[in-house]
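Per-entry structural report
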Amino acid sequence: MLLAKDITKKIDGREILKGVSLSLEGGEIISVIGPSGSGKTTLLRAISLIDSPNSGFLAIGENNYRFPIQQTENLKLPYPNLTVVFQQLFIWPHLTIRENISLPLRGKIDTKYFDEVVGLFQMDPFLDRYPNEVSIGQRQRAAFARALLLKPKYLLLDEVTSALDIEQSYLILSHLKRIAEKGVGIIFVSHVLHFASKISDKVIFLDEGKIVEEGTSDILTNPKTERLKKFISISQQVI
Amino acid sequence: MLGTVIDIIIRYREGLLSGLLVTLGLCAIVWLSGMIFGVLFGVFAHRQKESTGFILKILSFLLASIPILVLLFWLHYPLQEILGVVILPFITAAFALSLVNIVGVAQIIRDILNDFPEQYAIAGKVCGLSEKEIFSKIKFPIIFRQVIPQFLTLQVSMLQLTLFASLISVQEIFRVAQHINSIIYKPVEIYTALALFFIAICLPLNILAYWLKSKYTRNFSEK
């Protein structure tokens with residue numbers, strides 16, 4: 001289980017996260033939605049320990065972290081049990097796609113699983129090309145594959161469909177369900193409400209660094225708070 | 001003319017060879033100091049932006065404002081007179097050119113390190129790679145590919161700058177060529193021979209820099 005309690009995060013003296021709590025079970029998909037600047041990416045970076053929270057408590061599997069961390073020496077990091085796929089992907093530019101997805105495995109490649117993941121994301125045609133020689137959709141699939149090959153227990157996704165068209169987004173998101181079915185807990189940050197309602201077990205609406213509303217995907221059709229109603233209304237008008 | 005050029009090279013081979021050896025010796029010192037101290041200076045300037053980085057900035061501005069010839073003359077005449085010491089012209093030239101090279105290399109290293117997208121390292125971290133693995137398999141190869149063409153181009157320029165050492169009486173190849181010319185007065189042939197020496201050394205280096213640039217600095221920008 002991944003448990004975050006009262007997480008706060010300040011950046012340049014400004015409080016971006018104001019006591020956010022959430023819990024994620026294996027096999028569960030949580031969508032975090034909210035307007036730009038609401039703290040979605042900061043939340044993801046905080047609970048993945050990329051940017052340590054200023055206060056709060058985090059439990060990732062058997063590892064517990066209380067913030068602020070007093071002693072960073074010998075701190076057991078949760079990677080790759082927990083891993084992140086970023087909005088900008090960060091596929092290493094000097095390595096081919098094959099090398100990109102193999103490097104974190106340190107030569108211990110489970111060939112069957114490797115082929116399964118490569119097949120799942122239809123990566124065979126561009127496996128030996130460099131990142132700048134493939135499309136953004138192909139890089140996106142490579143970033144997913146790199147994360148999945150590590151067999152994480154928790155997968156955090158930051159706006160991973162933002163640069164994709166509807167068809168490619170659908171392809172990626174349809175895989176998320178299958179990944180979750182294998183017991184992987186997924187937190188999915190997105191501004192696309194349609195996808196959030198389709199795939200999520202739980203939806204969290206974040207605004208100004210606080211959870212304003214949370215629940216099943218029903219909250220997207222029957223929001224209780226005025227703020228979420230307004231957000232959904234604006235999103236529908238834009239679409 | 002080619003026959004005369006070859007004839008001059010053969011006839012004055014000993015003098016030209018000794019001049020070439022001085023040039024290459026000077027070059028080796030300049031290149032090595034740039035490679036060692038320039039890289040270290042650049043890394044420290046990147047890590048300690050407030051202190052070492054500031055010193056590098058000041059030195060870069062100063063050296064960019066002083067022509068190399070003025071620097072050489074100043075180090076050779078006024079400075080030695082002020083200090084009351086006599087230093088061999090070769091050492092003065094090696095010091096001045098090394099200083100220029102160290103600062104040049106440090107600037108290349110610092111700029112590339114400053115511009116390195118840290119997210120590539122974060123991507124490695126969340127994949128469970130250790131700090132050592134991130135450095136050796138991600139950071140270093142990317143940085144190396146970006147540094148090497150600029151580095152080689154600078155080293156070719158440094159080789160060419162060694163010509164200025166002749167003006168403070170260093171017996172390098174240009175000074176030897178001048179000396180031969182003062183005896184036989186055949187400037188076209190002598191300086192053609194000199195050009196051939198430099199082409200023989202600089203051309204392979206320039207080709208190597210170009211090849212490395214085209215091989216390694218692929219357009220990393222994403223389509």
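On a predicted model such as this, the values are computed, not experimentally measured, just so you know. (Residues numbered from 1 in each chain as written. Chains lettered and ligands numbered in written order. Predicted model: local features only at pLDDT ≥ 70, side-chain atom pairs only at ≥ 80, totals over all residues.)

A look at the overall build of chain B
The condition is simple: By definition, any uninterrupted DSSP run of H or I lasting at least four residues is a helix, any uninterrupted run of E lasting at least two residues is a strand, and each is numbered from the N terminus. The burial criterion counts other C-beta atoms lying within 10 Å of a residue's C-beta, which is placed from the backbone; the residue is buried at 20 or more, exposed at 12 or fewer, and partly exposed between these limits. Residue pairs qualify as contacts under a 7 Å threshold applied to their C-beta atoms, which are placed from the backbone.
When helices and strands are counted, chain B shows ten helices and zero strands. Mapped from its N terminus to its C terminus, chain B presents α and β elements in the order α-α-α-α-α-α-α-α-α-α. Seen along its three principal axes, the alpha-carbon backbone of chain B occupies a region of about 70 × 45 × 25 Å. Scored against the burial criterion, the 223 residues of chain B give a buried share of 31%. Considering only contacts in chain B between residues 6 or more positions apart, those separated by 24 or more positions represent 80%.

Remarks on the interface of chain B and chain A
Note the cut-off: Amino acids are sorted into nonpolar (Ala, Val, Leu, Ile, Met, Phe, Trp, Tyr, Cys and Pro), charged (Asp, Glu, Lys and Arg) and polar (every other residue, Gly among them).
Each side of the interface is counted separately: chain B has 20 residues, and chain A has 22 residues. Secondary structure elements with two or more residues in the side of chain B that touches chain A: helix H7 (118-126) and helix H8 (131-161) of chain B. The element best represented in the side of chain B that touches chain A is H7 of chain B, accounting for six residues. Partitioning the side of chain B that touches chain A into residue classes produces ten nonpolar, four polar and six charged.

Observations regarding unusual backbone geometry
Residues and elements named next belong to chain A. Here the residue pair Phe67 and Pro68 is connected by a cis peptide bond, since its omega of 0° sits within 30 degrees of zero. Along the polypeptide, Pro68 turns up in the loop between strand E5 (63-67) and strand E6 (82-85). A cis amide bond links Tyr79 to the next residue, Pro80, at an omega of 0°. Positionally, Pro80 belongs in the loop between E5 and E6. In this structure, Arg106 is a non-glycine residue whose phi angle is positive, near 50°. As for its position among the elements, Arg106 is in the loop between helix H2 (97-102) and helix H3 (111-120).

Quick look at the confidence of the model for chain B
Short version of the rule: The predictor rates its confidence in each residue with pLDDT, a number between 0 and 100.
Here chain B averages 89 in pLDDT, while 96% of its residues score no lower than 70. Taken over the whole predicted complex, pTM reads 0.78, whereas the ipTM for its chain interfaces reads 0.85.

Description of the sheet that holds strand E1 (residues 2-11) of chain A
Paired through their backbone hydrogen bonds, the strands of a sheet run either parallel or antiparallel. Residue and element names in this part refer to chain A. Applicable threshold: Only strands that DSSP links by at least two bridges are regarded as paired with each other. Axis angles are defined between N-to-C directions and span 0 to 180 degrees, where every axis is a line fitted to C-alpha atoms and, for a helix, only to the segment in contact.
One open sheet holds the four strands; their spatial order is E2-E1-E4-E5, and the pairing between them is antiparallel. Either end of the sheet is taken by a strand with one partner, and the two such strands are strand E2 (14-24) and E5. Averaged over all pairs of adjacent strands, the angle between their axes in this sheet comes to 15°, without regard to strand direction. The pairing of E1 with E2 spans eight bridges and is antiparallel. Of the residues in E2, the one forming a bridge with Leu3 is Ser23.

Regarding the sheet that holds strand E10 (residues 210-215) of chain A
All names here are of chain A. The six strands lie next to each other as E6-E7-E8-E3-E9-E10, forming an open sheet whose pairing is mixed. Every interior strand has two partners, whereas the edge strands, E6 and E10, have only one. Taking each pair of neighbouring strands and ignoring which way they run, the sheet shows an average axis angle of 20°. For strand E3 (residues 29-33) and strand E8 (residues 185-189), the ladder comprises four bridges, and the chain directions are parallel. Paired with Ile29 across the strands is Ile186, a residue of E8. Where helix H1 (residues 40-47) meets the sheet, its contacts fall on E3, E6, strand E7 (154-158), E8 and strand E9 (202-207), and the angle it forms with E8 comes to roughly 150°.

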